[in-house]
Amino acid sequence: QQQVKQSPQSLIVQKGGISIINCAYENTAFDYFPWYQQFPGKGPALLIAIRPDVSEKKEGRFTISFNKSAKQFSLHIMDSQPGDSATYFCAASMDTGFQKLVFGTGTRLLVSP
Amino acid sequence: DVKVTQSSRYLVKRTGEKVFLECVQDMDHENMFWYRQDPGLGLRLIYFSYDVKMKEKGDIPEGYSVSREKKERFSLILESASTNQTSMYLCASSFDPTGKLSYEQYFGPGTRLTVT
């Protein structure tokens, strides 16, 4: 119930291509779905987040698509660049008052030049 | 800029040693978290704290304890280190400036702990 399942585990995309990472959850009480980006040697940092009252959120080349009925959400990176090579984590949270996040297992993205 | 610092980037300890990992944040955040990150397992929550001297267990608290004596500092303690505690440890903090939960967590750079 508390898990967030993330796929794929790793992804190689050519420069200029679209990177797609998928996540699924079971707990319908989750009400906040962020994506974190982690570069080697750094801690994760918030990239983009969505709440279930919208089906899509776009920030620059990064888009979250959210399907409430399917309990799935995905990250799309348009025009992928070598600088996007990083590990991406989806996460979910609910209004417990403590701002706890449940993270997916991570996707290692490599964008080839 | 929010800054979360961790006392060591790399640490090597022997089995059975008591290990202290320190985390400091400089933005007066209320909430602080300790995670461990392992390949294929993502980030798993060990403990968190929502106020000074308050602590709550996360998903994998066994073998760990925490201390929060000051708002800016959150320590993770491995009472008797074991080889299965070899991992990357990440500290994070978050705040709620408006009374509406913002959820964003700010992470430190991590401590890679090796227990031999």
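Because the structure is a prediction, the values reported are computed rather than measured.

S.K.: So what's going on with the packing of aromatic side chains? Which residues, and what values?
M.R.: Residue and element names in this part refer to chain A. In this structure the tally under the stated criterion is 17 aromatic pairs over all chains. Measuring from ring centre to ring centre gives 6.3 Å for Phe 89 and Phe 103, while their planes differ by 90 degrees; the resulting arrangement is edge-to-face. Here Phe 89, found in strand 9 (residues 86–92), pairs with Phe 103, found in strand 10 (residues 102–103); they are 14 residues apart in sequence, far enough to count as distant. Comparing Phe 89 with Phe 103, the two get one shared label, buried.

S.K.: Could you give an account of the interface of chain A and chain B, with specific residues and numbers?
M.R.: In this assembly, 23 residues from chain A lie in contact with 24 residues from chain B. Contact between chain A and chain B buries roughly 2000 Å² in total, counting both sides, with carbon and sulfur atoms accounting for 57%. Across the chain A-chain B interface, the total number found is zero salt bridges. Grouping the amino acids of the side of chain A that touches chain B by side-chain chemistry returns nine nonpolar, nine polar and five charged.

S.K.: Help me get a handle on the pairing of strand 4 (residues 33–38) of chain A, residues and values and all.
M.R.: Residues and elements named next belong to chain A. Burial runs high along strand 4: six of the six residues are buried. Burial along strand 4 is two-sided: Phe 33, Trp 35 and Gln 37 and Pro 34, Tyr 36 and Gln 38, pointing in opposite directions, are all buried. When strand 4 meets strand 5 (residues 45–50), the two strands line up antiparallel, connected through five bridges. Looking at strand 5, one finds that Phe 33 is bridged to Ile 50.

Criteria and cut-off values
- The residue numbering used here restarts from 1 in each chain and proceeds along that chain's sequence as written.
- Written order decides the labels, with chains lettered from A and ligands numbered from 1.
- Since the coordinates come from a predicted model, pLDDT governs what is reported: local features require at least 70, and pairs of side-chain atoms require 80 or more to be given and counted, while whole-chain, interface and lining totals use all residues.
- Each side-chain value is worked out from all heavy atoms of the structure, with water and hydrogens disregarded.
- For this analysis, a ring pair means two rings from Phe, Tyr or Trp (six-membered ring only for Trp) whose centres lie within 6.5 Å, classed as stacked if their planes differ by under 30 degrees, edge-to-face if by over 60, and tilted for the remaining angles.
- To qualify as a helix, a DSSP run of H or I must reach at least 4 residues; to qualify as a strand, a run of E must reach at least 2; elements of each kind are numbered from the N terminus.
- For every residue, the accessible area obtained with a 1.4 Å probe (protein chains only) is divided by the maximum for its type, and the residue is called buried under 20%, exposed over 50%, and partly exposed between those limits.
- Two residues qualify as a contact provided that any one of their heavy atoms is within 4.5 Å of a heavy atom in the partner residue.
- Accessible surface is computed with a 1.4 Å probe, and the buried area is the amount of it that two parts give up when combined, taken over both parts together.
- Every case where a carboxyl oxygen of Asp or Glu lies within 4 Å of a side-chain nitrogen of Lys or Arg is listed as a salt bridge.
- In this classification, Asp, Glu, Lys and Arg are treated as charged, Ala, Val, Leu, Ile, Met, Phe, Trp, Tyr, Cys and Pro as nonpolar, and every other residue, Gly included, as polar.
- In this analysis, strands are considered paired if DSSP registers two or more bridges between them.

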